[in-house]
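Letter by letter, the chains look like this.
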Amino acid sequence: MNYRDTLNLPQTTFPMKANLKDMEPRIQGFWDELEVYNLMCEKNAGKTKYILHDGPPYANGHIHMGHALNKILKDIIVKYKSMSGFDAPFVPGWDCHGMPIEHQVMKEIKNKEKDAKANELPQVQDATSIRKMCADYAAKFVDIQREEFKRLGIFGDWENPYLTMSPEYSASIIEVFEQLVRDGFVYKSNKPVFWCRSCATALAEAEVEYIDKQSPSVYVKFPMLNEDNTFVLVWTTTPWTLPGNVAIALHADFEYVKIRVKLSSEFLIIARDLLDVTIEKTGITDYEIIDSFMGRTMEGKICQHPFIERDSIIILADYVTRDQGTGCVHTAPGHGVDDYVSGMRYKLPVITPVNEKGCFTEEAGEFAGMDVFKANPVIIEKLKGLNRLLHTEIITHSYPHCWRCKQPIIFRATPQWFINLDKDGFREKILEDIDKVTWIPSWGRDRFYNTVSARPDWCISRQRTWGIPIPAFYCEDCGEHILDGEIISFVKKQVRQFGADIWFDSETDKLIPEGTFCPKCNSHNLRKEKDIIDVWFESGSSHCGVLRERDYLAYPADLYLEGSDQHRGWFQSSMLTACATEKCPPYKGVLTHGFMVDAAGKAMHKSAGNVIAPEEIINQYGADVLRLWVSSEDYRQDVKLSKEILQRMGESYRKIRNTWRFMLSNLYDFSNQDSQPYDSLQPIDQWILHRLQLLIQKANQAYTDFEFHQLYHLLINFCTVDLSAIYLDVIKDRLYTHGKNSASRRSAQTVLREILGALIPLATPILSFTCEEIWQHLNWERGKSVFLAGFPVVNNAYVNEELATDWERIFEIREKVNNEIEKYRADGLIGSSLEAQVTLTLSAEDKKLLERYAGDAAAVFIVSNLIIKEGDFRIEVQKTTGKKCIRCWCYSENVGNSPAHPELCQKCVDVCCEHEMAAG
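Residue positions within a chain follow its written sequence, with the count starting from 1. Note on the predicted model: pLDDT of at least 70 is required for a residue's local features to be given, and 80 or more for side-chain atom pairs to be given and counted; whole-chain, interface and lining totals, by contrast, use all residues. Calculated side-chain values reflect all of the structure's heavy atoms, with hydrogen atoms and water omitted.

(A) Geometry of the nonpolar core. Trp629, Trp660, Tyr727, Leu756, Leu759 and Leu840 are the most contacted members of the largest nonpolar core, which totals 147 residues. Here a helix means four or more residues in a row that DSSP labels H or I, a strand means two or more in a row labelled E, and each is numbered from the N terminus. Ranked by residues supplied to this core, first place goes to helix 21 (residues 708–737) with 14 residues. Listed in part, the 68 residues of the second largest apolar core include Val181, Trp417, Trp439 and Ala578. In these notes, a set of buried Ala, Val, Leu, Ile, Met, Phe, Trp, Tyr and Cys residues joined through side-chain atoms within 4.5 Å is what counts as a nonpolar core. Relative accessible area decides the class of each residue, using a 1.4 Å probe on protein chains only: under 20% of the type maximum gives buried, over 50% gives exposed, and in between gives partly exposed.

(B) Region of interest: the packing of aromatic side chains. Each Phe, Tyr or Trp ring, with Trp reduced to its six-membered ring, pairs with another whose centre is within 6.5 Å; inter-plane angles below 30 degrees give stacked pairs, above 60 give edge-to-face pairs, and intermediate values give tilted ones. Under the defined criterion, the tally for this structure stands at 36 aromatic pairs. On the numbers, 4.3 Å between centres and 10 degrees between planes, the contact of Tyr560 with Trp570 is stacked. Within this pair, whereas Tyr560 is found in strand 24 (residues 559–563), its partner Trp570 is found in helix 16 (residues 570–581), the two being separated by 10 residues in sequence. Each member of the pair, Tyr560 as well as Trp570, is classed as buried. An aromatic cluster of at least three residues, connected via ring pairs, comprises Tyr80, Tyr635, Tyr703, Phe706, Phe708 and Phe791. Charge over a ring is defined by NZ of Lys or CZ of Arg lying within 6 Å of the ring centre and within 35 degrees of the ring normal. One Lys or Arg, Lys258, reaches over the ring of Phe267 and ends 5.3 Å from the middle of that ring. Seen from the ring of Phe873, Lys816 lies directly overhead, with NZ or CZ sitting 5.1 Å from the centre.

(C) Representation of the pairing of strand 8 (residues 247–250) in the model. Of the two faces of strand 8, the one holding Ala247 and Ala249 and the one holding Ile248 and Leu250 are both buried throughout. Pairing between strands requires that DSSP locate at least two bridges from one strand to the other. Summarising the sheet, strand 8 and strand 13 (residues 311–316) pair through four bridges and their orientation is parallel. Bridged to Leu250 within strand 13 is Leu316. As judged from the three bridges shared by strand 8 and strand 14 (residues 329–331), these two strands associate in the antiparallel manner. Among the inter-strand pairings, Ala247 is bridged to a residue of strand 14, identified as Thr331.

(D) Just helix 12 (residues 485–498), in detail. Its 14 residues place the ends of helix 12 20 Å apart at the C-alpha level, agreeing with the 20 Å of an ideal helix rising 1.5 Å per residue. Taken as a whole, helix 12 has its buried residues at Gly485, Ile487, Ile488, Ser489, Val491, Lys492, Gln494 and Val495. Directly beyond the C-terminal end of helix 12, a positive phi value near 90 degrees is found at Gly499. Given the number of residues in a helix, its expected span is that number minus one, multiplied by 1.5 Å.

(E) Seen up close, unusual backbone geometry. Residues Ile440 and Pro441 are joined by a peptide bond in cis, for which omega reads -5 degrees. Inspection of the secondary structure assignment puts Pro441 in the loop between strand 17 (438–440) and helix 11 (443–454). Cis geometry marks the peptide bond from Tyr555 to Pro556; its omega dihedral reads -5 degrees. Here the phi dihedral of Glu35 falls at roughly 55 degrees; this positive angle occurs in a residue that is not glycine. Mapping Glu35 onto the fold places it in the loop between helix 1 (20–34) and helix 2 (36–43). Within the chain, Asn226 stands out as a residue other than glycine whose phi angle is a positive 65 degrees. The residue Asn226 is located in the loop between strand 6 (208–223) and strand 7 (230–236) in this model. Relative accessible area serves as the criterion here: at 81%, Asn226 is assigned to the exposed category.

(F) Molecular detail of the pairing of strand 16 (residues 410–419). Most of strand 16 is tucked away, with eight of its 10 residues classed as buried. Relative to strand 16, strand 4 (residues 186–196) runs antiparallel, the two being bridged by 10 bridges. Paired with Lys191 across the bridge in strand 16 is Thr414. Bridge analysis of strand 16 against strand 18 (residues 458–459) gives two bridges, and the strand direction is antiparallel. Bridging across to strand 18, Phe418 finds its partner in Cys459.

(G) Layout of the packing of helix 21 against helix 22 (residues 743–763). Contact pair helix 21 / helix 22: the axes reach a minimum separation of 11 Å and the direction vectors enclose 160 degrees. Taken together, helix 21 and helix 22 sit at an angle that is classed as roughly antiparallel. Between helix 21 and helix 22 the crossing geometry is left-handed. In this structure, helix 21 uses Leu715, Phe718, Cys719, Leu723, Tyr727, Leu728, Ile731, Arg734 and Leu735 to contact helix 22, whose residues at the interface are Ser744, Arg745, Ser747, Ala748, Gln749, Val751, Leu752, Ile755, Leu759, Leu762 and Ala763. In terms of residue class, the contact of helix 21 with helix 22 is built from 15 nonpolar, three polar and two charged. With axes taken as lines fitted to C-alpha atoms, and helix axes fitted only over the stretch in contact, angles between N-to-C directions fall between 0 and 180 degrees. Reported orientations rely on four angle classes, namely roughly parallel under 35 degrees, roughly antiparallel over 145, roughly perpendicular from 65 to 115, and oblique for the rest. In this scheme, a crossing is called left-handed if the near helix is turned counterclockwise away from the far one by less than a right angle; it is called right-handed if the turn is clockwise. Contact criterion: two residues are considered in contact whenever any of their non-hydrogen atoms come within 4.5 Å of each other. For this classification, the nonpolar set comprises Ala, Val, Leu, Ile, Met, Phe, Trp, Tyr, Cys and Pro, the charged set comprises Asp, Glu, Lys and Arg, and every other residue, Gly included, is treated as polar.

(H) Representation of the sheet that holds strand 4 in the model. Taken in spatial order, the four strands make up an open sheet running 5-4-16-18, and their pairing is antiparallel. Of all strands in the sheet, those bounded by a partner on one side alone are strand 5 (201–203) and strand 18.

(I) Representation of the pattern of salt bridges within the structure. Salt-bridge detection follows one rule: a side-chain nitrogen of Lys or Arg within 4 Å of a carboxyl oxygen of Asp or Glu. Inspection of every chain in the model, using the stated rule, returns 61 salt bridges. Salt-bridge contacts for Glu529 lead to Lys188; the nearest nitrogen and oxygen are separated by 3.5 Å. Of the two residues, Glu529 sits in the loop between strand 22 (526–528) and strand 23 (532–533) while Lys188 sits in strand 4, which places them 341 residues apart along the sequence. A salt bridge links Asp669 to Arg746, with the shortest nitrogen-to-oxygen separation between them at 3.8 Å. In this pair, Asp669 is assigned in the loop between helix 19 (643–665) and helix 20 (683–704) and Arg746 in helix 22, connecting sequence segments 77 residues apart. Each member of the pair Asp669 and Arg746 is classed as buried. Shared partners join several salt bridges into a network, and the residues in it are Asp54, Lys71, Lys74 and Glu562.

(J) Up close: the environment of Pro161. By the secondary structure assignment, Pro161 is in the loop between helix 5 (127–151) and strand 3 (162–163). Separated by 69 residues in sequence, Pro161 and Pro92 place their C-alpha atoms 5.1 Å apart. Among residues more than four places away in sequence, those in contact with Pro161 are Val91, Pro92, Trp94, Arg146 and Arg550.

(K) Main features of the environment of Pro239. Within the secondary structure, Pro239 is located in the loop between strand 7 and strand 8. Taking C-alpha positions, Pro239 is 8.4 Å from Ala375, a pair spaced 136 residues apart along the chain. With sequence-adjacent residues up to four places away left out, Pro239 is seen in contact with Pro216, Val218, Asn376, Ile379 and Ile380.

If you want it as structure tokens, here you go:
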């Protein structure tokens, strides 16, 4: 007899080598053909909804790791909710308008014109042509990113995404704007705003990032009228804004001193608390204090501008600090929000002699035409020549930059459209509503609260072409601007029907109801606004354009999930527009993740050479390894990624896959009829079922709490420790060498099937491709797809705490025994543990415990002979005296007792006899 034929060796078509790069596209094709996402939605139709609303990525390039992290986190949540029985549709979206796309299109136009022969390519300048090219550009990358997201295993309504450039969504943006206008939130004003000289447009606060910049620090002397040789000493790091100066701000409650500099016989006014540091900075060596007074006594006094024939009035302001400078603040209402507010209070002129390119206008006199930053040294020389400069130096400080072009920006007063955040207590209402939202992590609440409480009114106008128009008009005769709800509603209907291009393609009379006239002078001579709406307003209107627009969704959404930078971006623009129009937040919860960094914690940038593209990872490891990595990271902090991290993750994936493959390969001959009732299962089988219930319970909690890194550790530990290191190691002999239909083998198989039936759906939201692959290899009745199987729930019949406590103690003893055996193996006294005979001397309690589970004891310790005695704890290991059975490799005294099978132990003899009888 060939004894190998009597063994129950593993069999499966599920490959050991994953080859995810080739396998995953096949699985994706299976999902598409079966329309699995639609089947999931149909299965849960009518059940409790769970809406995770997708924040739209920008459609201007291939996806990067930040995109992958974000979309996989969303996908894990949506899949879990759907498999748990929620109606959880996911509508992906794209942000299609804005400066980056327009900039890229204009760059391509210029490059083509440069390369073309003379007069071969006409210069494209009209808005219609530019917008057509921008739309094509955005649509191209929508299609590219859609396929890249699908390749990551992301489920969603990919055929019906929301695009901010679509007619219906464009109309929803105007609808939100219309309601804000009707409720009196929108106004136009010549106020200073963040202005990008490179992009030639106003910027929102969310479009500004602060980067260290070197600037000249100057101490400027402003002569006081009617006080000979007396100067107010002003400190500023923006000399280029001095042409716009009209005032000097002091703090009413600060003490100021008047000092006489003995060398120059000049009198300087400085805040007392800043006197010493100013003296040290400016190098004054000999001076005396001749007077002191409170700031409020200086209000209304007049100084002369240091180099322009203009008065500079002394005003009072609370924003003056004693942190740095002189306590006397240069004030130019055209170049700063605080300055502007003070200017309005004191009825000061708003002077802004700077054009959209950041160059001085004729109003700046001799500096006209100069770039403002390049003008700094020229202005400094001017001050020196007039003896108005006391000191200058170069400092490094945090300065606002455009987040798109990375160039330093300026504050510049221009006529812009704003949303009034303080109308009728609106800001206070938002701050109250913040506490109606669940913030994950919790610190997000304070960060969001602080950004809302401190931000100025929202500048929503942009001086660009590619976007949604601001539906306002101007009277050509009297200059009145017209912002009317009925007219906006008329425009909205046209945009919904024809798209936003209708505004740029049509004459004014086609965009307004017949008979519209100027409310101020009754003129019909009107022109349309050229500015477009801030793209943050566009994406922030998605609660109207998506959640309200699609009846299978719901308002408010259960969750918004984006990077932590969106506290002052999409989260905020959504909150502002929703609270104004819907009177409540658009989301019940907000979850934020950190940014991508390398292993050293450095931000990933192409210039630094530390970027890893999702495509690169997929081609080398597969999307499931990438998904497993996402689950393993604590996303609430900055998220590290490196090739070494990916290698480790690949190892973790292989451990999980091989564990599943082992279980599957031992179920090839198992059917429903072979299942054993729980009471007949062996104790260790019952123990692993108990452990499985704990896993299910903790996994459900981890998914619910969005603690995916905890889930990763639960999954990897269950597979490598509970299963591979203990249970599967213990039951191998039963599975391979016991009779095919023996109760002991069927008991183990019953449990393996139970584990796989729970473990695969449990991991499906993370390892989507692999779980679907193994699901299709199962040989028992199952749904068409693992995503239709439902998420496992705890079976209380399998929960047995008393049994678990017993086995916990047994495994403690087992570990000590294994350690002792290893010593003998290291010394070469024995080979495998099956060569060992172990004598355990235990306490009476432990002896009773092992005797209670005597049927499993030797198998659990994986030794050929186990002797248990009572007494002080002791482990004795010696080489067994029995002979080795060539079939099961165990050592036994009864090997050779059967003449027919002299090389087998009695257990194997019995199995072989059964085999012979079955074979006839």
